[in-house]
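Residues per chain, in single letters:
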Amino acid sequence: LSSLGMTLNEKETGMIAQANQVNCQVLSPKGLVVEQVKTIRQLRDFGSVLSSIFIPFDENIVKFYDMISPFLEKIPLHAFVGYINQCPVTIGSLVLEGDCAGIYDIATHPAHRKNGYGTYMTSYVIKQAKNMGYKNLALLASSEGQPIYQKLGFVPIGTFNVYGNGQLLGVA
């Protein structure tokens, strides 16, 4: 991938679980409202929360989501934003392929961490996958997220290189 102009950004742990073996009985934090992304505003909120976890704030992520907004209904992405008082604080997404639901982009804005929002979003996204009939779950875990996913029932299967494609998209 490096030869194609992509840059190695990080290494993450790949984890899998059978949906029926995952404990996703997490109570919703007070005031948290989760919405499925269906509008450009919600997609921007999603990108804004994702950008906030990078230091410095990664404006290219916001640009990327602006670029894909015209295709929102055509891509196999089920994205979710959690709001407190209409302020986006946490996100999560599902990419569905075959009999597997990939869980991606579980993130909480740094100013809103340690309130259970990310844990609840993880649970929420898993429930959505189960409700759609998916039996297999997969995700890439950061070092911070791995213990949370293991408590839910995910097991590590290996390390994955994560490459950035900003240069290819013209947003780097």
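All of these numbers come straight from a predicted model, not from anything done at the bench.

J.: Got a minute to help me understand the environment of Glu-12 in this structure?
T.: As for its position among the elements, Glu-12 is in strand β1 (residues 7–18). With 151 residues separating them in the primary sequence, Glu-12 and Tyr-163 have C-alpha atoms 11 Å apart. With residues up to four places along the chain from it excluded, the contact list for Glu-12 reads Leu-140, Ala-141, Ser-142, Gly-158, Thr-159, Phe-160 and Val-162.

J.: Help me out: how do you make sense of the environment of Glu-35 in this one?
T.: With respect to the secondary-structure elements, Glu-35 resides in strand β2 (residues 32–36). The class for Glu-35 is partly exposed, based on a relative accessible area of 27%. Glu-35 sits 46 residues away from Val-81 along the chain, and the two C-alpha atoms are 5.5 Å apart. The contact partners of Glu-35, leaving out residues within four places of it in the chain, are Arg-41, Gln-42, Ala-79, Phe-80, Val-81 and Tyr-83. Within the structure, the side chain of Glu-35 is placed 2.7 Å from the side chain of Gln-42, a separation counted as a polar contact.

J.: How do you make sense of the sheet that holds strand β3 (residues 77–84) when you look at a structure like this?
T.: Sheets are built from strands paired through backbone hydrogen bonds, the pairs being either parallel or antiparallel. Taken together, the 7 strands give an open sheet; going across it, the order is β2-β3-β4-β5-β6-β1-β7, and neighbouring strands pair in mixed fashion. Since the sheet does not close on itself, it has two edges, and those belong to β2 and β7 (155–164), each with one partner. In this sheet, neighbouring strand axes are inclined to one another by 25° on average, regardless of whether the strands run parallel or antiparallel. Bridge analysis of β1 against strand β6 (residues 136–141) gives 6 bridges, and the strand direction is antiparallel. The residue of β6 that forms the bridge with Ala-17 is Leu-137. The sheet contacts of helix α1 (residues 40–52) involve β2, β3, β4 (87–97) and β5 (100–108), and relative to β4 the element is tilted by about 100°.

J.: Would you take a moment to explain the packing of α1 against helix α2 (residues 59–68) for this structure?
T.: The axes of two packed helices give the description: the angle between them and the distance between them. With their axes 8 Å apart at the nearest point, α1 and α2 run at an angle of 155° to one another. In this view, α1 runs roughly antiparallel relative to α2, as classed from their interaxial angle. When you trace α1 past α2, the crossing you get is right-handed. Taken together, the residues of α2 that come into contact with α1 (itself represented by Leu-43, Arg-44, Phe-46, Gly-47, Ser-48, Leu-50 and Ser-51) are Ile-61, Val-62, Tyr-65, Asp-66 and Ile-68.

J.: When you look at the nonpolar core in this model, what are you seeing that I'm missing?
T.: One recurring pattern in soluble globular proteins is that nonpolar side chains are buried together. By size, the foremost hydrophobic cluster in this structure holds 28 residues, and its most contacted members are Leu-94, Ile-103, Ile-126, Leu-137 and Phe-154. Those elements that provide at least two residues to this core are β1, β2, β3, β4, β5, α3 (117–131), β6 and α4 (146–152). Broken down by element, the residue count for this core peaks at 7 residues, all from α3.

Parameters and conventions
Residues numbered from 1 in each chain as written. Predicted model: local features only at pLDDT ≥ 70, side-chain atom pairs only at ≥ 80, totals over all residues. Heavy atoms only, no water. Helix = DSSP H or I, 4+ residues; strand = E, 2+ residues; numbered from the N terminus. Contact = heavy atoms within 4.5 Å. Buried < 20%, exposed > 50% of the residue type's maximum accessible area, 1.4 Å probe, protein only. Polar contact = N/O pair within 3.5 Å; in protein donor to acceptor, adjacent residues only side chain to side chain. Pairing = 2+ DSSP bridges. Axes fitted to C-alpha atoms, helices over the stretch in contact; angles between N-to-C directions. Parallel < 35°, antiparallel > 145°, perpendicular 65-115°, else oblique. Left-handed = near helix turned anticlockwise from the far one by under 90°. Core = buried A, V, L, I, M, F, W, Y, C linked by side-chain atoms within 4.5 Å.

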